[in-house]
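Breakdown of the fold
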Amino acid sequence: MPTDVHQHIWPPALIELLRSRTTPPYLDAWTLHLAGEPPFTVDPADHDPEARIRLAATDGLDLALVSLSSPLGIEHLPPAEAVPLLAAFHDGALALPAPFAVWASPCLTAPDPEAVERELRRGCVGLQLPATALLDAAGWAHCAPLLDVLTRHDKPLFVHPGAAPPADATPPWWPALVPYAQQLHASWFAFRAFGRARHPALRVCFAALAGLAPLHGERLAARGGGRGEIDFDVFYETSSYGTRAVDALVRAVGIDVVVNGSDRPYAPPAVPDLGSDAALHALRTANPARLLHGRT
């Protein structure tokens, strides 16, 4: 089942709620306003399910996993603001037709394990958390009750970039290249240092190759962090990277933990040239299946 583990679609009810807001995140018609990024003009076709079904067919996909875009910052809003937005996303996304399936998202200002369990029972494939919630020991401890729900249900975690901090006089590409990558880099090392011991059976997927954190293995060893064994339950999603970066990561962690993701509609899919059909099958089919369902 060829799979893209990282896409985004905003259901109509979520769009209307974002338009009803006057503080970030909010929509003014089709212009998105966030605290840490310049205004962004949204293409309505990007959130049209029929148009996205056609794109998935063009991409040769049997399964596309959609999630709430964590840079919106919804997970970190007060519960009275976050819960209606999350409900609108979950209800609308779970109603999408094939080939779409859904990552759940929680309110992190008042974590509710029962709410996560409810969304998993409704059909969500796992839980997405923003990397900004997982930067250190305190973050992993704060989210631990939610991750315990995943372990009980044998479902994976997807770590996605979170909201970018406000920054003046930076180019439009700055959030995606600097804070997003830094967040993923830090959350990967924090998982290694604090998360894995607390959650030994958890499968985790880091977006955007974890900000290329695994490529720092030699520096980690030089600084006393150990060389590190390959954790075959930690996966790396490929969005916005091509052959050179994916090949470098495969050299560091192996082919078996790299999974295909595009970040549609914010980036087109890239198919890395790794030299064989078997490698492409691993990225698009075999590895996503292990991420979702485990080694069996």
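The structure under discussion appears in the preceding block.
Quick look at the structure, then. Just so we're clear, the structure is a prediction, and the values are computed from it rather than from any experiment.

Moving on: the overall build of the protein. Within the protein, the secondary structure is distributed over ten helices and eleven strands. For 296 residues, the compact-globule formula gives about 19 Å, and the C-alpha radius of gyration of the protein, at 18 Å, lands near that figure. Expressed as lengths along the three principal axes of its C-alpha atoms, the size of the protein is roughly 50 × 45 × 40 Å. For the protein, buried positions account for 50% of its 296 residues. For the protein, the share of sequence-separated contacts (at least 6 apart) that also reach a separation of at least 24 residues comes to 74%. About 13,100 Å² of surface is accessible on the protein, with carbon and sulfur atoms providing 57% of the total. For the protein, the distance from the average position of its 22 positive side-chain charges to the average position of its 31 negative side-chain charges is 6 Å.

Let's shift gears to unusual backbone geometry. Here the amide bond leading from P24 into P25 is cis, since omega sits at 0 degrees, within 30 degrees of zero. Looking at the element boundaries, P25 is found in the loop between α1 (12-20) and β2 (26-28). A positive phi angle is found at A208, which is not glycine, with a value near 50 degrees. Even without being a glycine, A210 presents a positive backbone phi close to 55 degrees.

What follows deals with the sheet that holds strand β11 (residues 258-259). Spatially, β1-β5-β6-β7-β8-β9-β10-β11 is the arrangement adopted by the eight strands of the open sheet, whose pairing is parallel. Sheet topology places β1 (3-7) and β11 at the edges, where each strand pairs with a single neighbour. Bridging between strand β10 (residues 234-237) and β11 involves two bridges; their strand directions are parallel. Directly across from Y236, in β11, lies its bridge partner V258. Relative to strand β9 (residues 204-206), helix α7 (residues 179-198) is tilted by about 160 degrees, and along the sheet it contacts β8 (157-160), β9 and β10.

Moving on: a nonpolar patch on the surface. A cluster of nonpolar residues, W173, W174 and L177, forms a patch on the protein surface that exposes about 340 Å² of accessible area. With respect to the helices, strands and loops of the structure, W174 is situated in helix α6 (residues 174-177).

Time to look at the nonpolar core. Counting residues in hydrophobic clusters, the biggest one holds 79 residues, and the most contacted among them are L14, L129, L157 and Y236. Ignoring anything within four residues of it in the chain, the contact list for L14 reads L68, I74, L85, A88 and F89.

Before going further, it helps to spend a moment on the environment of I74. Of note, I74 is situated in the loop between β5 (63-66) and α3 (79-94). Overall, I74 belongs to the buried group, its relative accessible area being 0%. C-alpha separation for the pair I74 and V159, spaced 85 residues apart in sequence, amounts to 15 Å. Setting aside residues up to four positions removed in sequence, I74 forms contacts with L14, P25, L68, A82, L85 and L86.

How each quantity is defined
Residues numbered from 1 in each chain as written. Predicted model: local features only at pLDDT ≥ 70, side-chain atom pairs only at ≥ 80, totals over all residues. Heavy atoms only, no water. Helix = DSSP H or I, 4+ residues; strand = E, 2+ residues; numbered from the N terminus. Rg over C-alpha atoms; globule rule 2.2 N^0.38 Å. Buried < 20%, exposed > 50% of the residue type's maximum accessible area, 1.4 Å probe, protein only. Contact = heavy atoms within 4.5 Å. Areas by Shrake-Rupley, 256 points an atom, 1.4 Å probe, with all protein chains shown as cover. Lys, Arg positive; Asp, Glu negative; His and termini not counted. Charge placed at Lys NZ, Arg CZ, Asp CG, Glu CD. Pairing = 2+ DSSP bridges. Axes fitted to C-alpha atoms, helices over the stretch in contact; angles between N-to-C directions. Patch = residues over 30% accessible without salt bridge, like charges linked within 9 Å, V, L, I, M, F, W, Y side chains within 5 Å. Salt bridge = Lys/Arg side-chain N within 4 Å of Asp/Glu carboxyl O. Core = buried A, V, L, I, M, F, W, Y, C linked by side-chain atoms within 4.5 Å.

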